[in-house]
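Tertiary structure, described
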Amino acid sequence: MLIALDQAVSRLQGGEIVAIATETVYGLAARIDRPRAIDEIFFRKRRPQSNPLIIHLQYFEQISRYLSPAFENERELLSLSQAFWPGPLTLVLPVGDSSIPDSVRAGLPTAAFRIPAHPLARDLLQQTGPLVAPSANLSGRPSPTNPEHVEIDFGIDFPILDGGPCSSGLESTILGWYLGKPHLMRKGAIGHKELERVLGKPLFEIGGKAVQCPGCSSMHYAPRARLITDPNQLWHIGVVVGFEDRAYKTKGNARLFSLGSIQDDLRAARQLFAILRSLDAMGIEEAFVDLDLPKWGLWPAICDRLTRASAR
Ligand code: TXA
Ligand code: MG
């Protein structure tokens, strides 16, 4: 059910949850000071309590209220925020005393923050204050990049603040600091080279217990259709998630679910989750996924999502 901005505001103020448009994917939002609504997010998404939520803010200064005084990387925080906010970057920061409910942080001493760029999300945040929002999909399913995807997972009566199709289509890139060094915790809509350019130093990759992103488990983003990545099976499967400028040899005519051109990472990112969901809509049971992807731009993030989607 599509609702207008003023309705979304009054529902959120009243302690309800609402799906909202952002430039990355749709989010399932609640006010940070409405604990029952936050519990409902976990319940409706079937999300484990051990997986913390991102706090969405309207402007940078709102962070200072939460940030731990022990945080030592303020200059890097400032550079990143100036370069990428508002936008698809999430920063994991140590938080102080905390006005952030335990459930939002999953008991961690850190919390994740993002300032979205979508104009509708910004108008909303101006009226509601900080909102927590995970992606508006059932846990494990592909993230929603348009209102229809939200309706498929939560029903046609679920309230959705409609901002059209998401312009990025991949979730935000997540970065955090560990032992004073910046670490990439989730690949996403901003490529790691862009982050390194702004930081002026290499990013460490996630690894080891201390810098885990609890939600980045191997199985994720999966359609019901089985996704096969072994090229030897392409011939007999016949259904391909791939690219229009590549040839796929199969026993009959290959049925292509196209991510666009192998030259165009932005377009592939924008379509990725819609294509995965369309396999289910078309009743496909098995598809080969072309994972022979370039290493530049958003391709590593796209490869990450497709690899997780094919994990069983
Ligand atoms: O683009 C996005 O980030 C979207 C839109 C709605 O903003 N949101 C999103 O939320 O992707 P979600 O919940 O699907 O993914 C958030 C990820 C999870 O993997 C979670 O484990 C991680 O962020 N996360 C949240 N707080 C964290 C923390 N304190 N430390 C490490 N990882 C954290
Ligand atoms: Mg998610």
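Residues numbered from 1 in each chain as written. Chains lettered and ligands numbered in written order. Predicted model: local features only at pLDDT ≥ 70, side-chain atom pairs only at ≥ 80, totals over all residues. Heavy atoms only, no water.

1. Regarding the environment of Pro231
Operational definition: Secondary structure elements follow DSSP: runs of H or I of four or more residues count as helices, runs of E of two or more count as strands, with numbering from the N terminus.
Within the fold, Pro231 resides in the loop between strand 12 (226–228) and helix 8 (234–237). Pro231 sits 214 residues away from Ile17 along the chain, and the two C-alpha atoms are 43 Å apart.

2. Notes on the environment of Ile63
The criterion, for reference: Throughout this description, buried means an accessible area under 20% of the type-specific maximum (1.4 Å probe, protein chains only), exposed means over 50%, and partly exposed covers the range between. Here, two residues are considered to be in contact whenever any of their heavy atoms come within 4.5 Å of each other.
The topology assignment puts Ile63 in the loop between strand 4 (54–56) and helix 3 (74–84). Here Ile63 falls in the buried class, since its relative accessible area comes to 2%. Taking the C-alpha atoms as reference points, Ile63 and Val95, 32 residues apart in sequence, are found 9.4 Å from one another. Filtering out sequence-adjacent residues up to four positions away, Ile63 remains in contact with Leu57, Trp85, Leu93 and Phe113.

3. Quick look at the packing of aromatic side chains
For clarity, the threshold we go by: For Phe, Tyr and Trp, rings pair up if their centres lie within 6.5 Å, where Trp contributes its six-membered ring, and each pair is then called stacked (planes under 30 degrees apart), edge-to-face (over 60) or tilted (otherwise).
All told, the structure shown has seven aromatic pairs when counted by the stated rule. Here the aromatic rings of Phe154 and Phe158 are separated by 5.3 Å at their centres, their planes lie at 35°, and the arrangement is tilted. You'll find Phe154 and Phe158 in the same group, each marked buried. Ring pairing ties together the aromatic residues Phe243, Trp296 and Trp299, which thus form one cluster.

4. Thoughts on the sheet that holds strand 14 (residues 255–258)
Basically, it comes down to this: Here a strand pair is declared whenever DSSP counts at least two bridges between the two strands. The axes are straight lines fitted to the C-alpha atoms, using for helices just the contacting stretch, and the angles between their N-to-C directions are given from 0 to 180°.
Read across the open sheet, the four strands follow the order 12-15-13-14; overall the sheet is parallel. Of all strands in the sheet, those bounded by a partner on one side alone are strand 12 and strand 14. The average undirected angle you get between the axes of adjacent strands in this sheet is 30°. Note: strand 13 (residues 239–242) against strand 14, four bridges, orientation parallel. When the sheet's bridge partners are listed, Val239 is paired in strand 14 with Arg255. Packing against the sheet, helix 9 (residues 265–281) makes contact with strand 12, strand 13, strand 14 and strand 15 (286–289), and its axis sits at approximately 145° to strand 14.

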